[in-house]
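Overview (structure and organization)
Single-letter residue listing:
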Amino acid sequence: MNLNELKKKAAWAALDYIHPDTVIGVGTGTTIFYFIEALSTIKHLIYGAVSSSNSSTLLLQKQGIEVFDLKNFSSLRVYVDSADEINNHMQMIKGGGAALTREKIIATMSKKFICIIDNSKSVDVLGNFPLPIEIIPMALSYVSKEIIKIGGNPRYRKNVITDNGNIIIDVHDLYITDPISMEKKINSLPGVVTVGLFASRSADVLLIGTKNGIKTIKNSK
C-alpha cells in the first residue's frame, strides 16, 4: 500500500469528526486534497468551509463547497489539516505548502484540530523536515542571521511567494526538543510573520493512515 493510499484512508476517516450544519476549517496539502474529495460527499450536510490557502479554496469550489471568509467568524468547531512532521505530543511542523500563517490562524480559532497523516510523518523528535518560517522580505538577512545563532541552517525558498505576499525560509539542521520554546523564540524575531511550529496549538486528534487501518490518537491535554 503506497503513501497516497494511506493519506486517503486518513482523509476519509476525518469525516467522522464533521458535524452537520457547521462551517469546516480546511488546511492545505496533498492529504487535504483527499479530504476535500471526501468532504464533497457530505457537502449537503454542511454550510461550507473556511480555507487556509488559495489552492484549497479552488479545490473546494470545484467540488461545489461554498468557501467563507474567516473574518466573519469568531471561532470554528473543527479544523482538519495535515502535518509535515508530528511528534508524540501532537506538536508538528507545517508549512511545506507555504500556507503556515493562515493554517495557524484557523487552527488557533478552532475548538478541535483534527490532524490527518500517513504513518511516514510520525517522528520522535521534530526537525528532520526543514522548518518553514514566513517572513517579510526585507527581514531576510536579519532573520537568517538570528536563525544561525540558534544552530539552524536557513535557506531561502526560491520562487515562492505566500498568499500573504511574503517569502519563506526553510531551516535545516535543527533538533527541536522543546518545540514550544522554539516557537516562541522564533516568533519573537522582528520580521517573522509566523514559524511553522504548531506546538502551543497542537492537534487534538491525530488520524494516522497505516497498512493495518487507521490509528487514532487523542490529545490528553
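So, how was this worked out
For every chain, the first residue of the written sequence is number 1, and numbering continues from 1 onward in sequence order. Owing to the predicted nature of the model, reporting of local features is limited to residues with pLDDT of at least 70; listing and counting of side-chain atom pairs is limited to 80 or more, with chain, interface and lining totals taken over all residues. Only heavy atoms go into the side-chain values, all of them from the structure, while hydrogens and water stay out. UniProt positions are given in the numbering used here, feature names are shortened, and annotations may be inferred rather than shown by experiment. Only DSSP runs of H or I with at least four residues qualify as helices, and only runs of E with at least two residues qualify as strands; both kinds are numbered from the N terminus onward. Pairing of N or O atoms within 3.5 Å defines a polar contact, subject to two protein rules: one partner must be a possible hydrogen donor and the other a possible acceptor, and residues neighboring in sequence count only if both atoms are side-chain atoms. Every residue pair with non-hydrogen atoms within 4.5 Å of one another is taken to be in contact. Detection works on a 1 Å grid of protein atoms alone, calling trapped sets that fit a 1.4 Å probe cavities and calling open sets with protein on both sides within 12 Å along at least five of seven lines pockets, with lining residues defined by an atom within 4 Å of a point. Grid points are joined across faces, edges and corners, and a volume is the space filled by probe spheres set on the points. Any residue that is not Ala, Val, Leu, Ile, Met, Phe, Trp, Tyr, Cys, Pro, Asp, Glu, Lys or Arg is counted as polar, Gly included; the first ten are nonpolar and the last four charged. For each domain, the first and last residues come from an automatic or database assignment. Accessible area, probed at 1.4 Å, shrinks when two parts are joined; the buried area is that loss added up over both. Any carboxyl oxygen of Asp or Glu that lies within 4 Å of a side-chain nitrogen of Lys or Arg is treated as forming a salt bridge with it. Whether a residue is buried, partly exposed or exposed follows from its accessible area with a 1.4 Å probe, protein chains only, as a fraction of its type maximum: under 20%, in between, or over 50%, in that order. Strands pair, by our definition, only if DSSP identifies at least two bridges between them. Convention adopted: a line fitted to C-alpha atoms gives each axis, helices being fitted over their contacting stretch, and angles between N-to-C directions are expressed from 0 to 180 degrees. An angle below 35 degrees is treated as roughly parallel, one above 145 as roughly antiparallel, one from 65 to 115 as roughly perpendicular, and anything else as oblique. Whether a crossing is left-handed or right-handed is set by the direction in which the near helix is turned from the far one by less than a right angle, anticlockwise for left-handed and clockwise for right-handed.

By the naming in an unreviewed UniProt entry, the protein goes by Ribose-5-phosphate isomerase A and is assigned to Buchnera aphidicola. According to the UniProt record, the Catalytic activity (unreviewed entry) comment for the protein reads "aldehydo-D-ribose 5-phosphate = D-ribulose 5-phosphate". The UniProt entry for the protein carries the following comment under Subunit (unreviewed entry): "Homodimer."

**Considerations on the side chain of Ser110**
In this fold, Ser110 is placed in strand E7 (residues 110–118). Engagement of the side chain of Ser110 in a polar contact is seen with the backbone oxygen of Ile106, the distance being 2.7 Å. Beyond its immediate stretch of four places on either side in the chain, Ser110 contacts Leu76, Val78, Tyr79 and Arg201.

**A closer look at the layout of surface pockets**
The calculated volume of the largest pocket comes to roughly 210 Å³. Forming the boundary of the largest pocket are 14 residues, of which Thr28, Gly29, Thr30, Asp84 and Gly97 lie nearest the centre. Within the lining of the largest pocket, the residues separate by chemical class into 1 nonpolar, 8 polar and 5 charged.

**Brief notes about the domain arrangement of the protein**
Split into domains, the protein comes out as domain 1 (3–120 + 200–218) and domain 2 (131–195). At the interface, 15 residues of domain 1 touch 19 residues of domain 2. Both faces combined, the contact of domain 1 with domain 2 buries some 1300 Å², and carbon together with sulfur accounts for 50% of it. Our enumeration of links across domain 1 and domain 2 arrives at 1 salt bridge. Here Lys104 and Glu183 are joined by a salt bridge, their closest N and O atoms 2.8 Å apart. Here domain 1 and domain 2 share 10 residue pairs in polar contact (both at pLDDT 80 or more) between them. Per element, the largest residue contribution to the side of domain 1 that touches domain 2 is 4 residues, and it comes from helix H4 (residues 100–109). Of the residues contributing to the side of domain 1 that touches domain 2, the split by class is 3 nonpolar, 9 polar and 3 charged.

**Things to note about the UniProt feature "active site" (unreviewed entry) in the protein**
When the UniProt feature table is mapped onto this chain, "active site" (unreviewed entry) is found at Glu103. Note that Glu103 resides in helix H4. By relative accessible area, which is 3% here, Glu103 ends up buried. Ignoring any residue separated from it by four or fewer positions in sequence, one finds Glu103 in contact with Thr28, Ser52, Tyr79, Asp81, Lys94, Gly95 and Phe198.

**Focus: the sheet that holds strand E4 (residues 76–81)**
Within the open sheet, the 7 strands sit side by side as E3-E2-E1-E4-E7-E13-E14. Their pairing is mixed. Edge strands, defined here as strands with exactly one partner in the open sheet, are strand E3 (67–68) and strand E14 (213–218). In this structure, strand E2 (residues 48–51) lies alongside E3, joined through 2 bridges in parallel fashion. Residue Ala49 lies in a different strand from E3, and its bridge partner there is Val67. Its contacts with the sheet put helix H2 (residues 30–39) on strand E1 (23–26), E4 and E7, and the angle it makes with E1 is roughly 160°. Contacts from helix H3 (residues 54–62) reach E1, E2 and E3, with the element oriented near 165° to E2.

**Some points on the packing of helix H1 (residues 3–13) against H2**
Closest axis-to-axis distance for the H1/H2 pair is 8 Å, and the angle between their directions is 50°. Taken together, the axis directions place H1 and H2 in an arrangement best described as oblique. Considering how the two elements wind past one another, H1 and H2 form a crossing that is right-handed. Here Asn4, Lys7, Lys8, Ala11 and Trp12 of H1 lie close against H2, whose contacting residues are Thr30, Thr31, Tyr34, Phe35 and Ala38.

**Digging into unusual backbone geometry**
The backbone phi angle of Ala98 is positive, close to 65°, even though this residue is not glycine. Tracing the sequence through the fold places Ala98 in the loop between strand E6 (92–93) and H4. A relative accessible area of 11% places Ala98 in the buried class. For Asn159, which is not glycine, the phi torsion reads 60° and is therefore positive. Residue placement: Asn159 occurs in the loop between strand E9 (153–156) and strand E10 (167–172).

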